[in-house]
Amino acid sequence: MNTNKPAVPNTTVTRNVHDLDKTTDNLYESLVVIAKRANQISNNVKEELHGKLAEFASSNDNLEEIFENREQIEISKHYERMPKPVLIAIDEFLNEKIYHRNPAKEQK
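Residues numbered from 1 in each chain as written. Predicted model: local features only at pLDDT ≥ 70, side-chain atom pairs only at ≥ 80, totals over all residues. Heavy atoms only, no water.

(A) Spotlight on unusual backbone geometry. The phi angle at Asp25 is positive, at roughly 60 degrees, despite the residue not being glycine. Even without a glycine there, the phi angle at Glu96 is positive, about 55 degrees.

(B) View of helix 5 (residues 85-94). Every buried residue belonging to helix 5 is among Leu87, Ile88, Ala89, Ile90, Glu92 and Phe93, and all of these are buried. Contacts from the buried residues of helix 5 go to helix 1 (17-20) and helix 2 (27-54). Looking one or two residues past helix 5, Glu96 carries a phi angle of roughly 55 degrees, positive in sign. (Buried < 20%, exposed > 50% of the residue type's maximum accessible area, 1.4 Å probe, protein only. Helix = DSSP H or I, 4+ residues; strand = E, 2+ residues; numbered from the N terminus. Contact = heavy atoms within 4.5 Å.)

(C) Examining the packing of helix 2 against helix 4 (residues 70-81) more closely. Their axes nearest at 10 Å, the elements helix 2 and helix 4 cross at an angle of 170 degrees. Considering the angle they form, helix 2 stands roughly antiparallel to helix 4. Only Gln72, Ile75, Ser76 and Tyr79 of helix 4 make contact with helix 2, whose side of the interface consists of Val45, Glu48, Leu49, Lys52 and Leu53. Grouping the constituent residues of the contact of helix 2 with helix 4 by class yields 5 nonpolar, 2 polar and 2 charged. (Axes fitted to C-alpha atoms, helices over the stretch in contact; angles between N-to-C directions. Parallel < 35°, antiparallel > 145°, perpendicular 65-115°, else oblique. Nonpolar A, V, L, I, M, F, W, Y, C, P; charged D, E, K, R; others polar.)

(D) The arrangement of the environment of Val8 in detail. Within the secondary structure layout, Val8 lies in the segment before helix 1. Here Val8 falls in the buried class, since its relative accessible area comes to 11%. Each residue touching Val8, except ones within four places of it in the same chain, is listed here: Pro83, Leu87, Ile88 and Asp91.

(E) Focus on the environment of Val45. By secondary structure assignment, the location of Val45 is in helix 2. With 40 residues separating them in the primary sequence, Val45 and Pro85 have C-alpha atoms 8.7 Å apart.

(F) Region of the structure containing the packing of helix 2 against helix 5. Interhelical geometry of helix 2 versus helix 5 gives an angle of 125 degrees and a closest axis separation of 8 Å. Put simply, helix 2 runs oblique to helix 5. Crossing angle aside, the handedness with which helix 2 passes helix 5 is right-handed. Only Pro85, Val86, Ile88, Ala89, Ile90, Glu92 and Phe93 of helix 5 make contact with helix 2, whose side of the interface consists of Ser30, Val33, Ile34, Arg37, Ala38, Ile41 and Ser42. Per-class residue counts for the contact of helix 2 with helix 5 are 10 nonpolar, 2 polar and 2 charged. (Left-handed = near helix turned anticlockwise from the far one by under 90°.)

(G) Structural view of the pattern of salt bridges. Applying the stated criterion across every chain yields a total of 5 salt bridges. Put simply, Glu48 and Lys52 hold a salt bridge, and the shortest N to O gap is 4.0 Å. In this pair, Glu48 and Lys52 both sit in helix 2, 4 residues apart, roughly one turn of the helix. We classify Glu48 as partly exposed; its relative accessible area is 23%. Judged by its relative accessible area of 33%, Lys52 is partly exposed. Put simply, Glu106 and Arg101 hold a salt bridge, and the shortest N to O gap is 3.0 Å. (Salt bridge = Lys/Arg side-chain N within 4 Å of Asp/Glu carboxyl O.)

See below:
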């Protein structure tokens, strides 16, 4: 996952609901696809953040070390400024970057 300056807006965007159901012909199915992708993105970002913050972990922290660790604070702030996973998932869905299929529709 590329965490460098995504083209996804960082704020809420008003969307036309009819744009979301164009590929699936069902708004609720589209929302499920978006929600599952947002969960995947969220889990990936969380693992990446914990991996970077684990480098700073030590077994015996004292109070001065906790407040002086500026690198750890900057990493945390970077992840807080990133677009929310749902915004990324909606952008991927609308730009057809998500592969999805419905096995129930394929059986018919």
